[in-house]
Amino acid sequence: MDVLRRSQSTMTPTGLTVENRAGAHTPFNSRRIHQTLTALTNDPTVVHRVESLTVAQLAGFDVVATGTIVATIAETLEQLGYAHMAQTYLKLNR
């Protein structure tokens, strides 16, 4: 399963569930994205921009696969011009 669309009535990630590769479900925790990005860079502006954009993109789903989260973060880094950081991130999350 990749993702399920959330109803348009709520667009916050508070009810977002993450499905790992084994199929187990856990509540979404944006702090994990923050910690991962801080491990890549010490620039708080980059961390904030990427984290905010990623969470906003994920807010439209009820259930999201971990692979989709990884891809969304990598794509966001690329789109913002941080291609090298995106490649490093993908290597760490294989």
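The structure this text deals with has already been given above.
As the structure is a prediction and not an experimental result, all values here were calculated from the model.

Two numbers describe how helix α1 (residues 30-40) lies on helix α2 (residues 44-58): the axes approach to 10 Å, and their chain directions differ by 145°. Of the two possible hands of crossing, α1 and α2 adopt the one that is right-handed. Residue-level contacts link Ser30, Ile33, His34, Leu37 and Thr38 of α1 to Val47, Val50, Glu51, Thr54, Val55 and Leu58 of α2. A per-class count over the contact of α1 with α2 returns six nonpolar, four polar and one charged.

A few words now on the nonpolar core. Ranked by size, the top nonpolar core spans 20 residues in total, and within it Phe28, Ile33, Leu58, Ile69, Ile73 and Leu77 carry the most contacts. Elements with a contribution of two residues or more to this core: α1, α2, β4 (61-65), α3 (66-79) and α4 (83-92).

End to end, α2 covers 21 Å across 15 residues, agreeing with the expected 21 Å (1.5 Å per residue, within 8%). Taken together, the buried positions of α2 are occupied by Val46, Val47, Val50, Glu51, Thr54, Val55 and Leu58. Along the long axis of α2, the arc covered by the buried residues comes to 140°, so they all point the same way. Structural note: α2 exposes Thr45, His48 and Ala56 on the side pointing more than 90 degrees away from its buried face. Those residues of α2 hidden inside the fold are in contact with α1, β4, α3 and α4.

Scoring rules and cut-offs
- Residue numbers restart at each chain and count upward from 1, following the sequence in its written direction.
- Selection of residues for local features in this predicted model requires a pLDDT of at least 70, selection of side-chain atom pairs for listing and counting requires 80 or more, and totals for whole chains, interfaces and linings are taken over all residues.
- Excluded from the side-chain calculation are hydrogens and water; included are all heavy atoms of the structure.
- Lines fitted to C-alpha atoms define the axes here, with helix axes fitted over just the stretch in contact, and angles between the N-to-C directions of these axes take values from 0 to 180 degrees.
- Helix and strand assignments follow DSSP, with helices taken as H or I runs no shorter than four residues and strands as E runs no shorter than two, numbered in order from the N terminus.
- Handedness of a helix crossing follows the sense of rotation of the near helix relative to the far helix, less than a right angle counterclockwise being left-handed and clockwise being right-handed.
- Note on contacts: a residue pair qualifies if any of its non-hydrogen atoms lie within 4.5 Å across the two residues.
- Only Asp, Glu, Lys and Arg are considered charged, only Ala, Val, Leu, Ile, Met, Phe, Trp, Tyr, Cys and Pro nonpolar, and every remaining residue, Gly among them, polar.
- Note on terminology: a nonpolar core comprises buried Ala, Val, Leu, Ile, Met, Phe, Trp, Tyr and Cys residues joined through side-chain atoms within 4.5 Å.
- Throughout this description, buried means an accessible area under 20% of the type-specific maximum (1.4 Å probe, protein chains only), exposed means over 50%, and partly exposed covers the range between.
- To estimate the expected span of a helix, subtract one from its residue number and multiply by 1.5 Å.
- The arc in question is traced by the directions running from the helix axis to the C-beta atoms.

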